[in-house]
Amino acid sequence: MTVAILGCGYTGRRLARGLLSLGVRVVCTSRNPEGLHDLQEAGAEVARLDLSLEPRLDILPFGSFVVQSIPPVEGANPRELWDRLVMRKPQRVVYLSTTGVYGDQRDVDEHSSPAPRHERDQERLREEAAALAGPWSSIVLRPAAIYGPARGIHESMAKGKFRLVGNGENYVSRIHVEDLAAHVQAAIRTDVGGAWPVADEHPCTSREIAEYCSELMGVPIPVRISADEAHHTRRADRRVDGRGIRRELGVELKYPSYRAGIPASLK
């Protein structure tokens, strides 16, 4: 079994290490493959893949299981990667998208239809369609905000960079990177299809988690900014129910809440 991880970033690295520990052949691609030397030392095959240039996929063995986690690249032809991927005849494709495709919907589950408002999220939806339409078995996973060691609100607050939008009453859903990697690993090995939101069991307001991190780490409550000052992703007010895909894949969360995941991440 060979798994190719296109765009081996924060989540891909976790996935790669888990697969390598099981004796799976892993091919990792990145625009900066020199940053993956630790995975190479662990046994992964590493190659450069830059979608802003002509994407060459001859590095992928025929019949691989492919995890596509490269976000839309400005200036790149969104169809070129998928057209070239056809020639490598993958057995299965897992595409990592985002809950941003749900737009302004506040409560989201596996039955919710996409309603993207911003161009980047619309492009994500087009990438999803390409993944699902290919001549291979496929599934789309739409993760909520991904956090873990060195990434997330705890990291931003420790650096004094996090800001509350308004009164901080907007809801945010999250998924720990290890739990997301477990979803992907399970998705590779099944024939479950369709598009699914992925999140833990505890959506919460921005203020709730900021107060928790403030007490846990002994740092000040973040200052407030207006919605107009915040990036559109920070203005989202969304509660994501990820139980559907967990049932389908048989995944049990290691970190069902930020109250478990953040202390573990700080270690």
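The structure this text deals with has already been given above.
Residues numbered from 1 in each chain as written. Predicted model: local features only at pLDDT ≥ 70, side-chain atom pairs only at ≥ 80, totals over all residues. Heavy atoms only, no water.

A.B. asks: Even after reading the chapter, I still don't get the sheet that holds strand β1 (residues 2-6), so can you show me in this structure?
C.D. replies: The pairing of strands in a sheet happens through backbone hydrogen bonds and is either parallel or antiparallel. Reading across from one edge, β3-β2-β1-β4-β5-β7-β12 is the order of the 7 strands in this open sheet, with parallel pairing throughout. Of all the strands in the sheet, the pair left with one neighbour each is β3 (45-48) and β12 (195-198). The mean angle between the axes of side-by-side strands here comes to 20°, regardless of whether they run parallel or antiparallel. Along the sheet face, helix α4 (residues 119-133) touches β4 (65-68), β5 (92-96), β7 (137-143) and β12 and points at about 155° away from the line of β7. (Pairing = 2+ DSSP bridges. Helix = DSSP H or I, 4+ residues; strand = E, 2+ residues; numbered from the N terminus. Axes fitted to C-alpha atoms, helices over the stretch in contact; angles between N-to-C directions. Contact = heavy atoms within 4.5 Å.)

A.B. asks: Teacher, can you tell me more about the pattern of salt bridges here?
C.D. replies: One side chain can pair with another of opposite charge once the charged atoms of both are near each other. Throughout the structure, instances matching the rule amount to 19 salt bridges. Where E155 meets K159, a salt bridge forms, and the shortest distance between an N and an O atom there is 3.3 Å. Residue class for K159 comes out exposed when judged on its relative accessible area of 52%. (Salt bridge = Lys/Arg side-chain N within 4 Å of Asp/Glu carboxyl O. Buried < 20%, exposed > 50% of the residue type's maximum accessible area, 1.4 Å probe, protein only.)

A.B. asks: Mind showing me how you'd approach helix α7 (residues 206-217) here?
C.D. replies: Helical geometry: 3.6 residues make up each α-helical turn, so side chains three or four residues apart lie on a common side. Under the 1.5 Å per step criterion, the end-to-end length of α7 is 16 Å for 12 residues, consistent within 8% with the ideal 16 Å. Those residues of α7 that fall on the buried side of the exposure criterion are S206, R207, I209, A210, Y212, C213 and S214. Directly beyond the C-terminal end of α7, a positive phi value near 70° is found at G218. (Expected span 1.5 Å × (residues − 1).)

A.B. asks: Hey, could you run me through the packing of helix α1 (residues 10-21) against helix α6 (residues 177-188) in this one?
C.D. replies: Between two packed helices, what matters for the description is the angle formed by their axes and the separation of those axes. Close contact between α1 and α6 brings their axes to 9 Å; oriented N to C, the two are set at 60°. Classed by the angle they form, the pair α1 and α6 counts as oblique. Crossing hand, α1 versus α6: right-handed. Taking contact as the criterion, the partners of Y10, T11, R14, L15, G18 and L19 in α1 are, on α6, V177, E178, L180, A181, V184, Q185 and I188. (Parallel < 35°, antiparallel > 145°, perpendicular 65-115°, else oblique. Left-handed = near helix turned anticlockwise from the far one by under 90°.)

A.B. asks: Even after reading the chapter, I still don't get the packing of aromatic side chains, so can you show me in this structure?
C.D. replies: Note on aromatic pairs: each is described by the distance of the centres and the angle between the planes. Applying the stated criterion across every chain, the model contains 3 aromatic pairs. Where W82 meets Y95, the ring centres are 6.0 Å apart and the plane angle is 70°; that geometry is what we call edge-to-face. Here W82, found in helix α3 (residues 78-86), pairs with Y95, found in strand β5; they are 13 residues apart in sequence, far enough to count as distant. We note that W82, like Y95, is buried. (Phe/Tyr/Trp six-rings, centres within 6.5 Å; stacked < 30°, edge-to-face > 60°.)

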